[in-house]
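Given next are the chains, with one letter for each unit.
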Amino acid sequence: MESKAKSLYVHVPFCEHICAYCDFMRVGYHPLLVKKYLDALAKQLQPYKNDRFDTIYIGGGTPTALHEDEFSSLLSLFTDLRSQQCEMTLEANPENFSEEKIKMAVHYGVNRISLGVQTTHPHLLKIITRKHQPADVSQVIELCIAHGLTNLSLDAMYGLPFQKMEDFESTLEWMIAQNIPHISLYALTIEPNSAFGRQRIEPVDNELEGQFYLRAIEILTAAGYSHYEISNFAKNDQMSQHNLAYWHYDDFVALGPGGSGKEHHQRYTNTRNLETYFNDETAKDERIELSIEDEMFETMMMGLRVKEGISLTRFYQRYGVDPKDIYPKSVKKYSDRGWLRVDDTSIALNETGRQFLHDVLVDMMGEVIKP
Ligand code: SF4
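Some points on the pairing of strand β6 (residues 112-118)
Next up, step 1: Burial analysis of β6 places 7 of its 7 residues in the buried class, which makes it a mostly covered element.
Next up, step 2: Burial along β6 is two-sided: the residues Arg112, Ser114, Gly116 and Gln118 and Ile113, Leu115 and Val117 are all buried.
Next up, step 3: Two elements, strand β5 (residues 82-92) and β6, share 4 bridges in a ladder whose sense is parallel. Bridge assignment links Ala92 to a residue of β6, and that residue is Leu115.
Next up, step 4: Across 4 bridges, the pairing between β6 and strand β7 (residues 152-158) is parallel.

With respect to the domain arrangement of the protein
Next up, step 1: Entries for the protein in the domain assignment read domain 1 (7-246) and domain 2 (292-371).
Next up, step 2: A straight line from the C-alpha centre of domain 1 to that of domain 2 covers 30 Å.
Next up, step 3: Counting residues at the interface gives 11 residues for domain 1 and 8 residues for domain 2.
Next up, step 4: Counting each side, the surface lost to burial between domain 1 and domain 2 is near 810 Å², with a carbon and sulfur contribution of 53%.
Next up, step 5: In terms of surface lost to domain 2, no three residues of domain 1 exceed His227, Glu229 and Ile230, which account for 50% of the buried area on that side.
Next up, step 6: Linking domain 1 with domain 2 are 1 salt bridge.

What about the sheet that holds strand β17 (residues 346-349)?
Next up, step 1: With antiparallel pairing, 3 strands are arranged side by side in an open sheet as β15-β17-β16. Each edge of the open sheet carries a strand with a single partner, namely β15 (310-311) and β16 (340-342).
Next up, step 2: Pairing of β15 with β17, which is carried by 2 bridges, proceeds in the antiparallel orientation. Across the sheet, Ser311 pairs through a bridge with Ser346, a residue of β17.

Concerning the nonpolar core
Next up, step 1: Formed by 90 residues in total, the largest nonpolar core has its most connected members in Tyr37, Ile58, Leu74, Phe78, Phe97 and Leu185.
Next up, step 2: At 6 residues, helix α8 (residues 206-222) tops the list of elements feeding residues into this core.
Next up, step 3: Residues from two domains meet in this core; each of domain 1 (7-246) and domain 2 (292-371) gives at least three.
Next up, step 4: Ignoring anything within four residues of it in the chain, the contact list for Leu185 reads Ala156, Tyr158, Phe168, Leu172, Tyr213, Ala216, Leu220, Ser231 and Phe233.
Next up, step 5: The next biggest cluster of nonpolar side chains, apart from the first, holds 10 residues, and it includes Cys19, Ala20, Leu160 and Leu188.

Some words on the packing of aromatic side chains
Next up, step 1: Per the counting criterion, the structure on display carries 12 aromatic pairs.
Next up, step 2: Look at Tyr158 and Phe212: their rings are 6.1 Å apart centre to centre, the planes differ by 35°, and that puts the pair in the tilted class. Here Tyr158 is found in strand β7, whereas its partner Phe212 is found in helix α8, with 54 residues between them in sequence. The pair formed by Tyr158 and Phe212 is uniform in burial state, with each residue classed as buried.
Next up, step 3: Taken together, a centroid distance of 5.7 Å and an interplanar angle of 20° make the contact between Tyr334 and Trp339 stacked.
Next up, step 4: Residue classification places Tyr334 among the buried positions, given a relative accessible area of 2%.
Next up, step 5: Among the aromatic residues, those joined into a cluster by ring pairs are Phe14, Tyr37, Tyr277 and Phe278.

Remarks on the site of the ligand
Next up, step 1: Taken together, Cys15, His17, Ile18, Cys19, Tyr21, Cys22, Phe24, Gly61, Thr62, Asn93 and Arg130 are the residues near the ligand.
Next up, step 2: Its residues assigned to classes, the shell around the ligand shows 6 nonpolar, 4 polar and 1 charged.

Thoughts on the packing of helix α14 (residues 328-336) against helix α16 (residues 357-365)
Next up, step 1: The geometry of α14 relative to α16 is characterised by a closest axis approach of 8 Å and an angle of 150° between their N-to-C directions. For the element pair α14 / α16, the angle class is roughly antiparallel. Crossing handedness for the pair α14 and α16: right-handed. In this structure, α14 uses Ser330, Lys333 and Tyr334 to contact α16, whose residues at the interface are Asp359, Val360, Asp363 and Met364.
Next up, step 2: Grouping the amino acids of the contact of α14 with α16 by side-chain chemistry returns 3 nonpolar, 1 polar and 3 charged.

What counts as what
Residues numbered from 1 in each chain as written. Predicted model: local features only at pLDDT ≥ 70, side-chain atom pairs only at ≥ 80, totals over all residues. Heavy atoms only, no water. Buried < 20%, exposed > 50% of the residue type's maximum accessible area, 1.4 Å probe, protein only. Helix = DSSP H or I, 4+ residues; strand = E, 2+ residues; numbered from the N terminus. Pairing = 2+ DSSP bridges. Domains from an automatic or database assignment. Contact = heavy atoms within 4.5 Å. Buried area = accessible area lost by both parts, 1.4 Å probe. Salt bridge = Lys/Arg side-chain N within 4 Å of Asp/Glu carboxyl O. Core = buried A, V, L, I, M, F, W, Y, C linked by side-chain atoms within 4.5 Å. Phe/Tyr/Trp six-rings, centres within 6.5 Å; stacked < 30°, edge-to-face > 60°. Near = heavy atom within 4 Å. Nonpolar A, V, L, I, M, F, W, Y, C, P; charged D, E, K, R; others polar. Axes fitted to C-alpha atoms, helices over the stretch in contact; angles between N-to-C directions. Parallel < 35°, antiparallel > 145°, perpendicular 65-115°, else oblique. Left-handed = near helix turned anticlockwise from the far one by under 90°.

Here is the structure:
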């Protein structure tokens, strides 16, 4: 089978420990499970072995939780799937991204690292049960740069229990001082299936969460970062090409248990059950056929997240219509309000509009006109 998708997501479900807030598809590290996983993964990518991807994102879980020989086997699976300009991102945790693994990552073509920093305050790291220390982060950044991995992204979390505004500010300021090209923000959500959910930890209220978010925009844009997507900031145009594929609503392949992909007008989630995955790596938990109305709406939902918005040409090439004709009332309402900009080439929300994306989408959902 030949796939048209140009992006590939690989889910590595292993973690050395389970963080208190986590509700992702992950399991504790175990060498026997890793071996079976790598075998199943190699089988699952067989149908794509002649494809070349422009972006490959190896996420999790924690890919760097794998031991060195396993880590090397994992990365070696994808080397030949890279197109010439491929952005190959690896998610890494500071406590287990050793210099040896950094060298392996470079060897196999990884050219972008997304590092789970979250906060630079030891007391907050302890509360969210992350295992690294701030010094680990500095060391990993130094080693990555020393080995030529300069395209780095750091994750910063807000809304953590007992997190003060000045804690969050100093985390962002520390990140800025490292001269890192990309920063991603995450608001803590309390998921019922996480340890925090079971302990009935209360989330921060919406107003405070909003204050954290707006302060981050202020600090990061003042430091020269472009707020190119609702939760993402980049300097020198070093945006995440892989995530841009999601926001452009392009097709992408997902490998690994729990990974979600979209190909050929179908969205799917690979089985989350490891035993099922080991026996049948193609098993799915969910397959959803996407109608043209679904796809148009989801194109708006994803594309309005980004500053550049949605290309009218691309929308027309896909659906044979102009979004202004599909969502006329919403386009008028939010253009009149000054939140939506429509010109000859694109349709985009401004900074305020993006903060109210949910409201815009609810309106658009209510007025789907069949093309
Ligand atoms: S937050 Fe990340 S490192 Fe922590 S358990 Fe979840 S997937 Fe693993």
